[in-house]
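# Structure assessment
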Amino acid sequence: MKINWTKSVWNRPKHNAFTDMCLFKDQLFISFREATDHMGIDGGVRIISCDFYGKVINTTLIKIHNCDLRDPKLTITPDGKLLMTAYSRCYSKHGKWRYSRSLCWFSLDGLSWSGSHWFAEKNWWVWRIRWQQGQAYGLAYNRAQQQLNLYAGNPLRTFECINPNVMSLATHGLGYPNESDLCFMQNGDLYAVVRRDADSFTAQIGHAKAPYRRWRWFDLGEYIGAPVILAKDQKNVFVCGRAWLNKRFKTALWNLNLETKKLQLIDVLPSGGDCSYAGMVQHDGQLYVSYYSSHIDNQSHIYLAQLDE
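As a starting point, this report considers the structure included with it.

Under the criterion given, the structure shown has 12 salt bridges. Measuring nitrogen to oxygen at the nearest pair gives 2.9 Å for the salt bridge that ties Asp68 to Arg70. You can call Asp68 buried: its relative accessible area is 1%. Residue Arg70 is classed as buried on the basis of its relative accessible area of 3%.

Note that strand E7 (residues 82-91) and strand E8 (residues 97-107) share 10 bridges and pair antiparallel. Bridging from a neighbouring strand, Cys90 pairs with Tyr99 of E8. Following E7, the chain reverses through five residues before pairing antiparallel with E8; Gly95 in that reversal takes a positive phi of roughly 85°.

Ordered by their spatial adjacency, four strands build an open sheet running E6-E7-E8-E9, and the pairing between neighbours is antiparallel. The sheet terminates laterally at strand E6 (67-76) and strand E9 (117-119), the two strands that pair on one side only. In this sheet, neighbouring strand axes are inclined to one another by 30° on average, regardless of whether the strands run parallel or antiparallel. Relative to E7, E6 runs antiparallel, the two sharing eight bridges. Its bridge partner being in E7, Arg70 is matched across the sheet by Tyr87.

So, on to the environment of Ser31. Its place among the elements puts Ser31 in strand E3 (residues 27-35). Between the C-alpha atom of Ser31 and that of Ala17, which follows or precedes it by 14 residues, the distance is 9.2 Å. Ignoring anything within four residues of it in the chain, the contact list for Ser31 reads Phe18, Thr19, Asp20, Arg46, Ile47, Pro72, Lys73, Leu74 and Met84. One polar contact links the side chain of Ser31 to the main-chain carbonyl oxygen of Pro72, over a distance of 3.3 Å.

In terms of nonpolar packing, the biggest core is built from 42 residues, with Ile30, Leu139, Leu150, Leu182, Tyr212, Trp215 and Leu304 touching the most fellow members. Not counting the four nearest positions on each side in its chain, Ile30 is found in contact with Val9, Thr19, Asp20, Met21, Arg46, Ile47, Ile48, Cys50, Leu74, Ser290, Ile302 and Leu304. If you look at the next biggest cluster of nonpolar residues, it comprises 17 residues, including Cys22, Phe29, Met84 and Leu103.

Here we take up the pairing of strand E21 (residues 262-269). Two faces belong to every sheet, and in a regular strand the side chains alternate between them. Where strand E20 (residues 248-257) meets E21, seven bridges bridge the pair, whose relative direction is antiparallel. Counted as the bridge partner of Leu253 is Asp267 from E21. Between E20 and E21, which follow one another and run antiparallel, lie four residues, and Lys261 among them has a positive phi close to 60°.

Conventions and cut-offs
Residues numbered from 1 in each chain as written. Predicted model: local features only at pLDDT ≥ 70, side-chain atom pairs only at ≥ 80, totals over all residues. Heavy atoms only, no water. Salt bridge = Lys/Arg side-chain N within 4 Å of Asp/Glu carboxyl O. Buried < 20%, exposed > 50% of the residue type's maximum accessible area, 1.4 Å probe, protein only. Pairing = 2+ DSSP bridges. Helix = DSSP H or I, 4+ residues; strand = E, 2+ residues; numbered from the N terminus. Axes fitted to C-alpha atoms, helices over the stretch in contact; angles between N-to-C directions. Contact = heavy atoms within 4.5 Å. Polar contact = N/O pair within 3.5 Å; in protein donor to acceptor, adjacent residues only side chain to side chain. Core = buried A, V, L, I, M, F, W, Y, C linked by side-chain atoms within 4.5 Å.

Written out as structure tokens, the structure is:
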């Protein structure tokens, strides 16, 4: 694979970070958090649509009063809606944290969005959802409990925990599992890649067969922040995320062999400092990657890269 080009598609004077991307109505829709800084409490969600050359076509901003909206993710529902999920940290009018909870919106055109809908339990962060046979699945984490739970359903209606201990420090000896992604294969098998921020700090790959109650975990031997995965074929997936390379953070792309559970570095995208949190889309023989980085002027910009597959 080779990088054809990388473009800054959003560089307004805000902290622009934590992207995701989805192909919808022949455009690339990129979502990200726009706020004063990395941990500010004024975060809103910016959604931009681009053509396949990185030209911005439309933009929308969603904000909720006294809520910090974080890490928006995009998927297409089985009935063809563009669905966006995010995690909201809710504050009192005096700026005191009250609770956090996942919420979602849907759009028929990518421009006008529904009102927000809360789903899952308070203080369990459903990081990302993936669809399989008309149902959405997502891993949720709770920092205090150092545990991952598997949820399933439809975030617009009912979304419930179906496996309360997919991974945890107490049961598996794996400290602080958090950000994750899921990938369903054609035979229905489910794979997960999970970031961890304790003990060895190494990411894990998990495998389960339907109904996804029993999981096996394997150590990937690498730190991967905010992993996103995309099926390449029945034996390999692309993995993109924040890597620790030569004592610096970078946005890296790997190939992960599902049989050997081995990572192979494909390339490192132009990036550095506060960076990564990618989205990936395959289209017409190209791999598109959205991410953020502050390597140019210490200002976090949103980037879009195109690679040959």
